[in-house]
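Spelled out from the first residue to the last, the chains are:
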Amino acid sequence: MKAMIYTRYGPPEVVRMQDVDVPAVKAGEVLIKIHATTVNRTDCGFRSANYFIVRFFSGLFKPRAKILGCEFAGEIEAVGKNVRNFKPGDRVFGYDETRFGGHGEYKVIAASGALATIPGGMDYTEAAPLTEGSHYALGNIRAARVKKGDIAMVYGATGSIGSAAVQLLKHFGAYVVAVSNTKNVELVASLGADEVIDYETQQFTGTPHRFDFVFDAVGKSSFRQCKPLLKPKGIYISTELGRNSENVFLALVTPLGKGRKVLFPIPSITQADVVMIRNLAESGDFKPVVDRTYPLEQLVEAYRYVETGQKTGNVVITLENSDPP
Ligand SMILES: NC(=O)c1ccc[n+]([C@@H]2O[C@H](COP(=O)([O-])OP(=O)(O)OC[C@H]3O[C@@H](n4cnc5c(N)ncnc54)[C@H](OP(=O)(O)O)[C@@H]3O)[C@@H](O)[C@H]2O)c1
């Protein structure tokens, strides 16, 4: 099969097209023919290993999983022994940041892993970007225990995580103030944000609101900067470690007090989460924003674009035959 592989950590150019064996499907696993995938910041992090900690998960000196692509959408080609929840021909999507594999024509995953069937009427390119940004957003929203009537700020509402966070916070009944660049103010409002602050013309810290939850989905603010925006028991979460990894330290220390807290939840995703995301997509409560689409052959180009840090939502990668069946 064709796959974009990498055998050492580094810039986008370490990735190249190669013919490799189709992975063997074992008991309890499914083999998926990939029709669409994405390039996202998680793939970039595992490819570059700029954060050394990544190497503890993916290989100290060189990557163990040579085909990246944590998000995928495709068709079940074969099932291993004892698999009852999926059958050949099922259209599925999901997330796998252990074995990755979306950047190849076939991948295997445990049938109990983070995958679910694609809602009827949705094509593979729409289904591929459903999980990455949304599960990070969901984990952070759950950690902040957001409930109906809470007021939340999403700083960086145009990223994959931010654009999902706006939609999910609305689903949970929060009043959402989102921060975005000028060109995406309308887009972010269309995602359901009650107010949009254009960071190119306004200081987001100038908002008169006080928040139950400030979610920095691009990791460009700090607790110190956002603390005055929080209600006395408000919660601040950032998707980045912060200067000198301060967000990890603050997440250990601030919960000991009674006031405003920093949290740094460890991301996770289960099959139940993917089913929930599927249901939200089916009901129209969640629709991933898609910026650009590239064919698999142009993956290096796609990586370069994602690493500008300026994509709007998600970057989708198509494999041949990515049309709906
Ligand atoms: N903690 C984790 O496990 C984890 C996992 C994945 C990703 N991440 C991190 O999460 C962050 C977001 O990733 P992503 O894929 O959602 O988005 P992304 O690709 O980093 O996109 C960021 C978006 O935010 C906008 N933006 C940049 N600077 C901004 C600012 N100062 N104020 C408001 N908007 C700004 C950008 O557009 P403009 O610059 O044009 O405004 C762009 O649309 C990244 O830093 C990534 O490394 C963390």
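Please refer to the structure higher up on the page.
Residues numbered from 1 in each chain as written. Predicted model: local features only at pLDDT ≥ 70, side-chain atom pairs only at ≥ 80, totals over all residues.

**Q** Which parts of the structure should I look at to understand the overall build of the protein chain?
**A** Check the secondary structure of the protein chain and you find 10 helices and 15 strands. Against the 2.2 N^0.38 benchmark of 20 Å for 325 residues, the protein chain shows a C-alpha radius of gyration of 20 Å, consistent with a compact globule. Residue burial in the protein chain is summarised as follows: out of 325 residues, 48% are buried. For the protein chain, the proportion of contacts with a sequence separation of at least 24, taken over those separated by at least 6, is 68%. (Helix = DSSP H or I, 4+ residues; strand = E, 2+ residues; numbered from the N terminus. Rg over C-alpha atoms; globule rule 2.2 N^0.38 Å. Buried ≥ 20, exposed ≤ 12 C-beta atoms within 10 Å, placed from the backbone. Contact = placed C-beta atoms within 7 Å.)

**Q** Looking at this model, I keep getting lost on the site of the ligand. Mind explaining?
**A** As a structural note, the neighbourhood of the ligand is formed by 27 residues, with T158, G159, I161, N181 and T239 the closest of them. No other element matches helix α5 (residues 160-171), which puts three residues into the shell around the ligand. Composition of the shell around the ligand by domain shows at least three residues from each of domain 1 (2-131 + 269-318) and domain 2 (133-263). (Near = placed C-beta within 6 Å. Domains from an automatic or database assignment.)

**Q** Please explain α5 as it appears in this structure.
**A** Given a rise of 1.5 Å per residue, 12 residues ought to cover 16 Å, and the 17 Å separating the end C-alpha atoms of α5 matches this to within 8%. Here α5 lies mainly inside the structure; 10 of its 12 residues are buried. Every buried residue of α5 is listed here: S160, I161, G162, S163, A164, A165, V166, Q167, L168 and L169. On the buried face of α5, the contacting elements are α4 (132-143), β8 (151-155), β9 (175-180), α6 (185-190), β11 (211-216) and β15 (314-318). After α5 finishes, the residue G173 shows a positive phi value of roughly 90°. (Expected span 1.5 Å × (residues − 1).)

**Q** Explain α4 to me, please; I cannot follow it from the model alone.
**A** Since there are 3.6 residues in each turn of an α-helix, residues three or four apart along the chain are aligned in direction. If you check α4, its first and last C-alpha atoms are 17 Å apart, about what 12 residues at 1.5 Å a residue would give, namely 16 Å. Here α4 lies mainly inside the structure; nine of its 12 residues are buried. All of the buried residues in α4 are E132, G133, S134, H135, Y136, A137, L138, N140 and I141. Downstream of α4 by one or two residues, R145 has phi in the positive range, about 50°.

**Q** Looking at this structure, I do not really get the nonpolar core. What am I missing?
**A** Most often, soluble globular proteins keep nonpolar side chains buried together rather than apart. Counting residues in each nonpolar core, the largest one holds 94 residues, and the members touching the most others are A152, V154 and A165. Each of two domains, domain 1 (2-131 + 269-318) and domain 2 (133-263), supplies a minimum of three residues to this core. Excluding its chain neighbours within four sequence positions, the residues that come into contact with A152 are V146, L169, A174, V176, F211, D212, F213 and F215. (Core = buried A, V, L, I, M, F, W, Y, C linked by C-beta atoms within 7 Å.)

**Q** What is the right way to look at unusual backbone geometry in this model?
**A** Apart from glycine, the bulk of residues carry a negative phi angle, and the bulk of peptide bonds sit in the trans form. We note that N82 has phi near 70°; this positive angle belongs to a residue other than glycine. Mapping N82 onto the fold places it in the loop between β4 (71-79) and β5 (91-95). Phi is positive for F100, close to 50°, though the residue is something other than glycine.

**Q** Where do I start with the environment of A128 in this structure?
**A** By the secondary structure assignment, A128 is in the loop between α3 (124-127) and α4. With 32 C-beta atoms counted inside 10 Å, the residue A128 sits in the buried group. Along the backbone, A128 and G94 are 34 residues apart, and their C-alpha atoms lie at a distance of 7.4 Å. Sequence-distant contacts of A128, that is, excluding residues within four places in its chain, are made with A36, T37, T38, E71, F72, A73, F93 and V316.

**Q** Please explain the pairing of strand β10 (residues 195-198) as it appears in this structure.
**A** The two faces of a sheet get side chains in turn, since along a regular strand they alternate between them. Inspection of the sheet shows β9 paired to β10 by four bridges, in the parallel sense. Within the sheet, the bridge partner assigned to V177 lies in β10 and is E195. With respect to chirality, the unit in which β9 leads through α6 into the neighbouring parallel β10 is right-handed. (Pairing = 2+ DSSP bridges. Right-handed = clockwise from strand over helix to strand, strands pointing away.)

**Q** Would you mind showing me how to read the sheet that holds β10 here?
**A** The strands that make up a sheet pair up through hydrogen bonds in the backbone, lying either parallel or antiparallel. The sheet built from six strands is open, its strands ordered β10-β9-β8-β11-β12-β13 with parallel pairing. The open sheet is flanked by β10 and β13 (261-263), the only strands paired with a single partner. Between one strand axis and the next, the sheet turns through 20° on average, direction left out of account. Relative to β9, β8 is paired through five bridges, and the arrangement is parallel. Of the residues in β9, the one forming a bridge with V154 is A178. (Axes fitted to C-alpha atoms, helices over the stretch in contact; angles between N-to-C directions.)

**Q** Would you take a moment to explain the environment of N50 for this structure?
**A** Of note, N50 is situated in the loop between α1 (41-48) and α2 (54-58). On the neighbour-count criterion, N50 (10 C-beta atoms within 10 Å) is exposed. In sequence terms N50 and I266 are 216 residues apart; their C-alpha atoms lie 19 Å from each other.

**Q** Hey, could you run me through the packing of α4 against α5 in this one?
**A** Helix-helix packing is characterised by the crossing angle of the two axes and by the distance between the axes. Interaxial distance between α4 and α5 falls to 8 Å at its minimum, and their mutual angle equals 55°. Considering the angle they form, α4 stands oblique to α5. Regarding α4 and α5, the two cross each other, and that crossing is right-handed. Every residue of α5 that contacts α4 at E132, G133, S134, Y136, A137, L138 and I141 is listed here: S160, I161, S163, A164, A165, L168 and L169. Counted by class, the contact of α4 with α5 contains nine nonpolar, four polar and one charged residues. (Parallel < 35°, antiparallel > 145°, perpendicular 65-115°, else oblique. Left-handed = near helix turned anticlockwise from the far one by under 90°. Nonpolar A, V, L, I, M, F, W, Y, C, P; charged D, E, K, R; others polar.)

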